[in-house]
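What the coordinates show
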Amino acid sequence: MIKEKIIKSTVELIKSVGIDGLSVRKIAELADVNVASINYHFGSKDKLVNEILKTSLLEFRGTFNILDNAEVSPLKRLRQFLLDYLSLLKAHPELFKIVLSPEKLFDSHLEYVEFLKHQGFDKLTKTVLDIVCDSNKDKVNIIVRQMFASIFFPVIILGNVNSKIKEAMEQNMFGDYSAEENIDLFLDFYFSKFNKET
């Protein structure tokens, strides 16, 4: 119970003051525990943040599992992956305040980067290769980078700017389209000539 309160309070603080404004005293005050409790359960602020980051990044890693499901067509697997990953990005904007912070690199960062390098991007590349029926990995890697840039990057940016800038940018970035419609437009633009699925 105390451990969960500390984690919840830390996440709330990261959302409001960012990683740079985070301190053990602020966490203890918001969680209504003493500083010793935080050190007892986590050892340090960095270990606490690393645990939060690790748990969240495991959720992101889990979204790649759909790409392994051979019972679902490659295009539908890709669409579901994009929807699930985007949903997590929107649900955890505070996570990317940590991930994008130039101040600190946590073990969880490195684990996730290793996962992406050795499994995540391979799964994505294989799925896109299956859709386009092309063995040109360079071309497919460009499509994957553009997919991340056009679908995920705006959400990451909007999750990490102040509310006035966010309000001004939101309409221009997404227009009147939902996330699902944006994904469908992207998939249709890139893949309609390869696949006639609906």
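The notes below deal with the structure included here.

Rules used in this analysis
- Residues numbered from 1 in each chain as written.
- Predicted model: local features only at pLDDT ≥ 70, side-chain atom pairs only at ≥ 80, totals over all residues.
- Heavy atoms only, no water.
- Helix = DSSP H or I, 4+ residues; strand = E, 2+ residues; numbered from the N terminus.
- Core = buried A, V, L, I, M, F, W, Y, C linked by side-chain atoms within 4.5 Å.
- Buried < 20%, exposed > 50% of the residue type's maximum accessible area, 1.4 Å probe, protein only.
- Contact = heavy atoms within 4.5 Å.
- Phe/Tyr/Trp six-rings, centres within 6.5 Å; stacked < 30°, edge-to-face > 60°.
- Salt bridge = Lys/Arg side-chain N within 4 Å of Asp/Glu carboxyl O.
- Axes fitted to C-alpha atoms, helices over the stretch in contact; angles between N-to-C directions.
- Left-handed = near helix turned anticlockwise from the far one by under 90°.
- Expected span 1.5 Å × (residues − 1).
- 1 Å grid on protein atoms, 1.4 Å probe; cavity = no way out; pocket = protein on both sides within 12 Å on 5 of 7 lines; lining within 4 Å.
- Points joined across faces, edges and corners; volume = space filled by probe spheres on them.
- Nonpolar A, V, L, I, M, F, W, Y, C, P; charged D, E, K, R; others polar.

Considering the environment of Phe96
Summarising the element assignment, Phe96 is placed in helix α6 (residues 93-99). For the pair Phe96 and Ile156, spaced 60 residues apart in sequence, the C-alpha separation works out to 6.8 Å.

Notes on the nonpolar core
One finds Leu78 and Phe191 to be the most contacted residues of the largest nonpolar core, which totals 56 residues. In this structure Phe191 touches Leu75, Leu78, Val128, Ile131, Val132 and Ile143, once residues within four positions along its chain are discounted.

Things to note about the environment of Asp184
When you line up the elements, Asp184 lands in helix α10 (residues 179-191). Residue classification places Asp184 among the partly exposed positions, given a relative accessible area of 31%. Residues Asp184 and Leu82, 102 residues apart in the sequence, show an inter-C-alpha distance of 9.9 Å.

A few points about the packing of aromatic side chains
With the rule as written, the count across this model stands at 14 aromatic pairs. Ring geometry for Phe60 versus Tyr85: centroids 4.9 Å apart, planes at 75°, classification edge-to-face. On the criterion of sequence distance, the pair formed by Phe60 in helix α4 (residues 45-62) and Tyr85 in helix α5 (residues 74-91) is long-range, its members being 25 residues apart. Judged by relative accessible area, Phe60 falls into the buried class, the value being 0%. Aromatic rings pair up to connect Phe60, Phe64, Phe81, Tyr85, Tyr112, Phe115, Phe121, Phe148 and Phe152 into one cluster.

Points about the pattern of salt bridges
Inspection of every chain in the model, using the stated rule, returns eight salt bridges. Close ionic contact of Asp184 with Arg79 constitutes a salt bridge, the shortest N to O distance being 2.6 Å. Residue Asp184 is located in helix α10, and its partner Arg79 is located in helix α5; the two are separated by 105 residues in the primary sequence. Residue classification places Arg79 among the partly exposed residues on the basis of a relative accessible area of 24%. Between Lys126 and Asp130 there is a salt bridge, with the nearest N and O atoms lying 3.3 Å from each other. Residue Lys126 and its partner Asp130 are both found in helix α7 (residues 107-132); the two are separated by four residues, about one turn of the helix. When salt bridges with common partners are traced through the structure, they connect Arg77, Lys126 and Asp130 into a single cluster.

Points about the packing of helix α1 (residues 2-17) against helix α2 (residues 24-31)
Axis separation between α1 and α2 bottoms out at 9 Å; the angle between their running directions is 115°. You can see that α1 and α2 cross each other, and the crossing is right-handed. Contact residues: Lys5, Ile6, Ser9, Thr10, Glu12 and Leu13 in α1; Lys26, Ile27, Leu30 and Ala31 in α2.

Some words on α4
Its 18 residues give α4 an end-to-end C-alpha distance of 26 Å, which sits within 8% of 26 Å, the value for a rise of 1.5 Å per residue. The complete set of buried residues in α4 reads Leu48, Val49, Asn50, Ile52, Leu53, Ser56, Leu57 and Phe60.

So, unusual backbone geometry
The bulk of non-glycine residues show a negative phi, and the bulk of peptide bonds are trans. Phi is positive for Asp32, close to 60°, though the residue is something other than glycine. Judged by its relative accessible area of 65%, Asp32 is exposed.

Things to note about the layout of surface pockets
Counted as a void, the largest pocket has a volume near 380 Å³. Taken together, 19 residues line the largest pocket, and the ones lying closest to its centre are Tyr85, Phe96, Val99, Tyr112 and Leu116. With seven residues, α7 is the largest single contributor of residues to the lining of the largest pocket. Here the residues of the lining of the largest pocket sort into 17 nonpolar, one polar and one charged.

Just distances and angles here, no functional claims.
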